[in-house]
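Inside the fold
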Amino acid sequence: AIKWLLHGVIALAVLVRIFVFGEPVTRPHSDNAVLFWRHRNQAEADLAKGDTMSASRHLQICLTALKRPLPVSKLDVGCGLIWQ
């Protein structure tokens, strides 16, 4: 019974962390949002031209503008795919 209670408390804490304190929201016309859209549009233009290296650099800047880390490990990538 204690084991189930502990699992329930941990699951509840994880859900609260994700849904209450989790995802930061960027204001639409903030400096970070403008930086994000500028580099996102440039990345799309670079992809249309076939310049994947430049597009990759611009997309990394997009993540930085949104204060998101670039996934570096297989666990990060796997968790991101599962989350999506």
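Let me begin by describing the structure that accompanies this report. Keep in mind the model is a prediction, meaning the values are calculated, not measured. The numbering scheme is per chain: residues are counted from 1 as the chain's sequence reads. A pLDDT threshold of at least 70 governs which residues receive local features in this predicted model, and a stricter bar of 80 or more applies before side-chain atom pairs are shown or counted, although totals over entire chains, interfaces and linings include all residues. Hydrogens and water molecules were not included; the side-chain quantities draw on all heavy atoms of the structure.

Examining the pattern of salt bridges
By definition, a salt bridge exists where a carboxyl oxygen of Asp or Glu is found within 4 Å of a side-chain nitrogen of Lys or Arg. Tallying each qualifying case throughout the model produces two salt bridges. In this structure, Arg40 and Glu44 form a salt bridge, with 3.1 Å as the shortest nitrogen-oxygen distance. In this pair, Arg40 and Glu44 are both assigned in helix α2 (residues 31–49), four residues apart and thus about one turn of the helix distant. The buried label goes to any residue with under 20% of its type's maximum accessible area, the exposed label to any with over 50%, and the partly exposed label to all in between, with areas taken from a 1.4 Å probe on protein chains only. Residue Glu44 is classed as partly exposed on the basis of its relative accessible area, which comes to 41%. Linking Asp46 and Lys49 is a salt bridge whose minimum nitrogen-to-oxygen distance equals 3.8 Å. Helix numbers and strand numbers start at the N terminus; a helix is a DSSP run of H or I with at least 4 residues, a strand a run of E with at least 2.

Notes on the layout of surface pockets
Regions of empty space are outlined by a rolling probe, equal in size to a water molecule, passed over the atoms. As defined here, a cavity is a set of points on a 1 Å grid over the protein atoms alone where a 1.4 Å probe fits but cannot get out. A pocket is an open set with protein on both sides within 12 Å along at least five of seven lines, and residues line them when an atom is within 4 Å of a point. Grid points are joined across faces, edges and corners, and a volume is the space filled by probe spheres set on the points. The calculated volume of the largest pocket comes to roughly 690 Å³. Lining the largest pocket are 18 residues, with Arg68, Pro69, Asp76, Gly80 and Trp83 positioned closest to its centre. Only α1 (2–19) and α4 (74–83) provide two or more residues apiece to the lining of the largest pocket. The nonpolar class holds Ala, Val, Leu, Ile, Met, Phe, Trp, Tyr, Cys and Pro. Asp, Glu, Lys and Arg form the charged class, and all remaining residues, Gly among them, are polar. Across the lining of the largest pocket, the residue classes tally to 11 nonpolar, three polar and four charged.

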